[in-house]
Amino acid sequence: MTVCIHNGFEKMGGFGSGRRPERTRYAVEDMRSIPMSWIKVNKAALLKAPRVINWKVGDSSYGSALIGLEGNSVRVTFQVREAKDRPWQHLAVSVETIEQPCHLGGVRRWFVCPRCGQRVGTLYIGSDVGCRHCMRLTYWSAQADKMERLRLKKKKILSRMEGGHLAAPQRMQQKTYLRHLQQYQKVEEQINELFLLEIQKILQTRVPLGKNGWL
């Protein structure tokens, strides 16, 4: 059975393409990820048989892996290649999981990063499997200017709506929908205000065209 995880952002190109060519570090939004919450939701099915997880942005797929449970470990099987003209290599990594008691009762399960041994809630797959720090990942918002951060926030709000538009999703509660709509409208206002400020700066800046003229 194939399960899709939607990134929630509009990517340019496939896995590893990145959004900004000058960037030297990938962002978590560029990567294939396995959150522990997904393991928890699909635990019953994973105990019966491994499942294929397929990562998507919109209708575009950018990778897949086979996920299985082996005792207290999660086995991740995937393919990598060093370059487009090189053959694919099959890799399998077993990642230990541990339980931590919660203050109000119950337990919470974590991955143990196979590279640094730290307790983490999400694994990332590149040429290897590891946590955000070991994979040297950053966030899009940390590499963006103010306008781009607002646009990313706007896309994130839209991603919570079914179909990525402002119409009320059938399965979403009215209260939740109105909260998302208000957040979207607020971000829209902030984008418009920032755009007007940039236009004012341009109009107030006089650039000499020659001896007798100004722009």
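Note that this is a predicted model, so its numbers are computed, not measured.

1. Some thoughts on the pairing of strand E5 (residues 73-80)
Working step 1: Across the two faces of E5 the burial differs, with Val74, Val76, Phe78 and Val80 buried and Ser73, Arg75, Thr77 and Gln79 not buried at all.
Working step 2: Pairing between E5 and strand E6 (residues 89-101): eight bridges, direction antiparallel. Bridging across to E6, valine 74 finds its partner in valine 95.

2. Let's talk about the packing of aromatic side chains
Working step 1: For the structure on display, the rule yields zero aromatic pairs.
Working step 2: Lying across the ring of tryptophan 110, arginine 119 places its NZ or CZ 5.0 Å from the centre.

3. Remarks on the nonpolar core
Working step 1: Ile34, Ile39, Ile67 and Phe111 are the most contacted members of the largest nonpolar core, which totals 23 residues.
Working step 2: Elements supplying a minimum of two residues to this core: helix H1 (36-41), strand E3 (51-57), strand E4 (60-70), E5, E6 and strand E9 (122-125).
Working step 3: In terms of residue count, E5 provides more of this core than any other element does, four residues in total.
Working step 4: Other than its neighbours up to four places away in sequence, isoleucine 39 contacts Ile34, Leu46, Ile67, Leu69, Val74 and Phe111.
Working step 5: Met147, Leu150, Tyr184 and Ile191 belong to the second-largest nonpolar core, a separate cluster that totals eight residues.

4. Thoughts on the pairing of strand E7 (residues 107-112)
Working step 1: Of the pairings in the sheet, the one linking E6 to E7 comprises five bridges and is antiparallel in character. Residue pairing in the sheet places glutamate 99 in a bridge with arginine 109 of E7.
Working step 2: Counting the residues in the hairpin turn of E6 and E7 gives five residues, including glycine 105, whose phi is positive at 100 degrees.
Working step 3: Hairpin geometry of E7 and strand E8 (residues 119-120) is characterised by an intervening segment of six residues between the two adjacent antiparallel strands and by a positive phi of about 80 degrees at glycine 117.

5. Considerations on the sheet that holds strand E2 (residues 32-35)
Working step 1: Spatially, the three strands line up as an open sheet ordered E2-E9-E10, and their pairing is antiparallel. Edge positions in the sheet fall to E2 and strand E10 (129-130), since each of these pairs with one other strand and no more.
Working step 2: In this structure, E2 lies alongside E9, joined through four bridges in antiparallel fashion. Along E9, the bridge assignment pairs isoleucine 34 with leucine 123.

6. With respect to a positive patch on the surface
Working step 1: A cluster of basic residues, Lys156, Arg160, Lys175 and Arg179, forms a positive patch at the surface.
Working step 2: Counting through the fold element by element, arginine 160 comes out in the loop between helix H3 (146-159) and helix H4 (174-204).

7. Structural notes on unusual backbone geometry
Working step 1: Look at arginine 136: it is not a glycine, yet its phi comes out positive at around 55 degrees.
Working step 2: Mapped onto the secondary structure, arginine 136 falls in the loop between E10 and H3.

8. Some details on the pattern of salt bridges
Working step 1: Within the structure shown, the criterion is met by three salt bridges.
Working step 2: When the shortest N-O distance is used, the salt bridge between glutamate 99 and arginine 109 registers 2.7 Å. With a gap of 10 residues between them, glutamate 99 in strand E6 and arginine 109 in strand E7 connect regions that are remote in the sequence.
Working step 3: Since its relative accessible area comes to 25%, arginine 109 is described here as partly exposed.
Working step 4: Taking the shortest distance from any N to any O, the salt bridge between glutamate 188 and lysine 154 comes out at 2.8 Å. You can see glutamate 188 sitting in helix H4 and its partner lysine 154 sitting in helix H3, a full 34 residues away along the chain.
Working step 5: Relative accessible area serves as the criterion here: at 26%, glutamate 188 is assigned to the partly exposed category.
Working step 6: You can call lysine 154 partly exposed: its relative accessible area is 21%.

9. Thoughts on the confidence of the model for the protein
Working step 1: Across the protein, the average pLDDT comes to 77, with 75% of residues at 70 or higher.
Working step 2: By mean pLDDT, strand E1 (residues 2-6) is the weakest element of the protein at 45, and E8 is the strongest at 96.
Working step 3: Counting interchain partners and residues more than four positions distant, the pLDDT-below-50 stretch residues 1-23 has 64 contacts.

10. Digging into the side chain of threonine 97
Working step 1: By the element assignment, threonine 97 lies in strand E6.
Working step 2: On the accessibility criterion, threonine 97 (7% relative accessible area) is buried.
Working step 3: A polar contact is formed between the side chain of threonine 97 and the backbone oxygen of asparagine 72, at a distance of 2.6 Å.
Working step 4: In this view, threonine 97 contacts Met36, Asn72, Ser73, Val74, Arg109, Trp110 and Phe111; residues no more than four positions away in its chain are not counted.

So, how was this worked out
- Residues numbered from 1 in each chain as written.
- Predicted model: local features only at pLDDT ≥ 70, side-chain atom pairs only at ≥ 80, totals over all residues.
- Heavy atoms only, no water.
- Buried < 20%, exposed > 50% of the residue type's maximum accessible area, 1.4 Å probe, protein only.
- Helix = DSSP H or I, 4+ residues; strand = E, 2+ residues; numbered from the N terminus.
- Pairing = 2+ DSSP bridges.
- Phe/Tyr/Trp six-rings, centres within 6.5 Å; stacked < 30°, edge-to-face > 60°.
- Lys NZ or Arg CZ within 6 Å of the ring centre and 35° of its normal.
- Core = buried A, V, L, I, M, F, W, Y, C linked by side-chain atoms within 4.5 Å.
- Contact = heavy atoms within 4.5 Å.
- Patch = residues over 30% accessible without salt bridge, like charges linked within 9 Å, V, L, I, M, F, W, Y side chains within 5 Å.
- Areas by Shrake-Rupley, 256 points an atom, 1.4 Å probe, with all protein chains shown as cover.
- Salt bridge = Lys/Arg side-chain N within 4 Å of Asp/Glu carboxyl O.
- Lys, Arg positive; Asp, Glu negative; His and termini not counted.
- Charge placed at Lys NZ, Arg CZ, Asp CG, Glu CD.
- pLDDT = per-residue confidence, 0-100.
- Polar contact = N/O pair within 3.5 Å; in protein donor to acceptor, adjacent residues only side chain to side chain.

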